[in-house]
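Remarks on the overall topology
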Amino acid sequence: MRDFVDELLATVPHLRRFAFVLTGDAFDADDLVQQTVERALTKRTQYRSGSPIHSWLLKIMQNIFLDAKRAETRRPIHLAIDDHDGALEPIEAEGETQVFAQQVMALVAELPKAQRLVIASVVVDGRTYEETAGVLNIPIGTVMSRMARARKTIYTRTKTVRSSP
Amino acid sequence: MNEREFEQLSMFVDGELEDSGGVQSEVRNDPVAEEVVKKLSEADAALMRAAARMDETPYSPGLEDLLCRLVMTPSERGKGFGEAVQRVVRSFLSVFIPAAAAASLVAAAAFGLLSTTEQGPSVAALDVKLAKALSVVGDGEQSGQIFVAATYRREDGVICRTFGPSAPRLVTGVACRERPETWLLIALSPEPGADAYVLAGGDGSDQVAPIVEAAISHMTRLEPPETEIALRR
């Protein structure tokens with residue numbers, strides 16, 4: 001049990017980054033991580049010792065995230081380009097780079113949930129398409145098309161934002 | 001550019017094309033494709049930067065409480081928080097305090113140097129992450145596993161800060177800034193009692209380990225605006 005908890009605790013910073021990309025909000029991200037950890041503790045007998053705990057936790061997080069329709073209806077994400085309520089404040093010294101990072105985050109938060117999961121897995125966690133397909137339990141072709149669609153949206157919107165006066 | 005071409009470029013950016021030669025050549029020769037690849041890579045980097053900001057964001061109270069409960073082993077639950085706290089502290093010190101610095105500090109304390117000079121011996125600089133956190137993190141805030149509790153000014157004008165692990169938030173040491181981003185460890189409490197610490201929600205000013213308290217007893221506590229100004233210098 002101790003090893004399981006230690007491994008789980010070591011994964012928390014990683015889970016927080018992943019959850020932040022999914023939710024677009026620091027508080028909601030921690031809420032999602034908390035639910036994930038709580039569910040992992042109740043289902044710990046299902047975890048096969050020695051297998052990657054991070055992938056197992058992400059599957060749990062994915063299920064909670066996709067099931068959270070009610071919560072999303074209650075508190076929709078409002079992360080427009082010019083409105084960063086709930087997002088992190090920019091670091092002054094990093095200036096434009098940080099603002100662009102927030103714009104990209106805001107656009108990701110507006111993507112369909114399925115695309116957010118794929119882009120978080122590939123870009124933030126650095127998984128291959130094959131690994132992502134395994135973790136999210138979808139065909140690899142779906143990973144490809146969701147990545148491309150997500151990127152197309154971000155590309156088109158950032159281009160628009162940057163070229164507008 | 002059609003959907004298929006865009007998908008190819010997306011896969012190229014992710015290193016997912018088995019034979020990327022054709023696309024690579026296209027990217028070199030076609031300004032539009034080159035621009036798309038550049039923008040996609042920039043957006044990826046921006047997303048990673050944004051996600052990394054969570055490392056500097058304090059845990060929500062609910063998650064922090066859950067993690068605090070988790071750091072306690074079943075046997076520790078029966079004995080209270082003390083043992084779990086000490087294990088967290090030992091783990092934190094092993095990661096962020098160079099052994100040479102800790103040993104040198106203990107030796108100095110044994111010879112009474114700390115009580116007479118208020119300054120520790122010339123120990124090695126602290127871990128880079130800890131030094132960085134001490135240089136930029138606000139009072140009562142955290143950066144990853146590091147919690148910075150409060151800021152003080154010594155009689156000679158040097159800035160000192162109390163710090164410890166962030167989950168749970170504890171105060172285990174004091175470091176003073178010798179020069180920008182170089183911090184000297186002046187007090188460390190590796191084996192304190194459970195009641196010697198400030199837990200989540202505290203600001204590090206009301207309950208600290210005796211050795212830490214002794215180190216800051218002749219210092220002036222700075223308010224957050226003063227801290228910001230002092231850290232910029």
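Residues numbered from 1 in each chain as written. Chains lettered and ligands numbered in written order. Predicted model: local features only at pLDDT ≥ 70, side-chain atom pairs only at ≥ 80, totals over all residues.

Re the overall build of chain B
- When you go through chain B residue by residue, the secondary structure sums to 11 helices and six strands.
- Residue burial in chain B is summarised as follows: out of 233 residues, 39% are buried.
- Long-range pairs, those at least 24 residues apart, make up 56% of the contacts in chain B between residues at least 6 apart in sequence. (Helix = DSSP H or I, 4+ residues; strand = E, 2+ residues; numbered from the N terminus. Buried ≥ 20, exposed ≤ 12 C-beta atoms within 10 Å, placed from the backbone. Contact = placed C-beta atoms within 7 Å.)

Topic: the environment of B:Leu170
All names here are of chain B.
- Relative to the helices and strands, leucine 170 is located in the loop between strand S3 (159–165) and strand S4 (173–179).
- In this structure leucine 170 comes out as buried when scored by C-beta crowding, with 29 C-beta atoms within 10 Å.
- Between the C-alpha atom of leucine 170 and that of isoleucine 146, which follows or precedes it by 24 residues, the distance is 9.4 Å.

A look at the environment of B:Gln8
- Note that B:Gln8 resides in helix H1 (residues 3–13).
- On the basis of neighbour counts, which here come to 21 C-beta atoms within 10 Å, the residue B:Gln8 falls in the buried class.

With respect to the confidence of the model for chain B
Residues and elements named next belong to chain B.
- Mean pLDDT over chain B works out to 74, with 69% of the residues at or above the 70 mark.
- Confidence scores differ between elements of chain B, with helix H8 (residues 113–117) showing the lowest mean pLDDT of 40 and strand S6 (residues 220–221) the highest of 92.
- Every residue in residues 110–124 scores below 50 in pLDDT, and together they form 28 contacts with partners more than four places removed in sequence or on other chains.
- Interface confidence in the predicted complex, given as ipTM, is 0.81; pTM for the same model is 0.59. (pLDDT = per-residue confidence, 0-100.)

Focus: the interface of chain A and chain B
- With 40 residues of chain A at the interface, the matching set in chain B holds 31 residues.
- Elements supplying a minimum of two residues to the side of chain A that touches chain B: helix H1 (2–23), helix H2 (26–42), helix H5 (95–109), helix H6 (113–124) and helix H8 (140–163) of chain A.
- For the side of chain A that touches chain B, a count of residues per class yields 26 nonpolar, five polar and nine charged. (Nonpolar A, V, L, I, M, F, W, Y, C, P; charged D, E, K, R; others polar.)

Structural notes on the nonpolar core
- One finds A:Ala19, A:Val21, A:Val104, A:Val108 and B:Leu47 to be the most contacted residues of the largest nonpolar core, which totals 62 residues.
- Look past the residues within four positions of A:Val104 in its chain and what remains in contact with it is A:Ile154, A:Thr158, B:Ala43, B:Ala46, B:Leu47 and B:Ala50.
- Counting residues in each nonpolar core, the second largest holds 35 residues, with B:Phe92, B:Leu134, B:Ala187 and B:Ala215 among its members. (Core = buried A, V, L, I, M, F, W, Y, C linked by C-beta atoms within 7 Å.)

Brief notes about the packing of H2(A) against helix H3 (residues 53–67) of chain A
Residue and element names in this part refer to chain A.
- Running from N to C, H2 and H3 cross one another at 120°; their axes reach a closest spacing of 9 Å. The angle between the axes of H2 and H3 places the two elements in the oblique class. Of the two possible hands of crossing, H2 and H3 adopt the one that is right-handed. Where H2 abuts H3, its residues Leu32, Gln35, Thr36, Arg39 and Ala40 lie against Leu57, Ile60, Met61, Ile64 and Phe65. (Axes fitted to C-alpha atoms, helices over the stretch in contact; angles between N-to-C directions. Parallel < 35°, antiparallel > 145°, perpendicular 65-115°, else oblique. Left-handed = near helix turned anticlockwise from the far one by under 90°.)

Focus: the pairing of S3(B)
Residues and elements named next belong to chain B.
- With seven of its seven residues buried, S3 lies for the most part within the structure.
- Here seven bridges tie strand S2 (residues 146–153) to S3, and the two strands are oriented antiparallel to one another. From the neighbouring strand, tyrosine 152 faces S3, where its bridge partner is cysteine 160.
- The loop that links S2 with its antiparallel partner S3 comprises five residues; one of these, glycine 157, has a positive phi angle of about 90°. (Pairing = 2+ DSSP bridges.)

Looking at the packing of H1(B) against helix H3 (residues 31–52) of chain B
All names here are of chain B.
- Orientation of H1 relative to H3, taken along the N-to-C sense of each, is 50°, at an axis distance of 10 Å. Accordingly, the angle class assigned to the pair H1 and H3 is oblique. Judged by the twist between their axes, the crossing of H1 over H3 is right-handed. Side by side, H1 and H3 meet where Leu9, Ser10, Phe12 and Val13 of the first sit next to Ala33, Val36, Val37, Leu40, Ser41 and Asp44 of the second.

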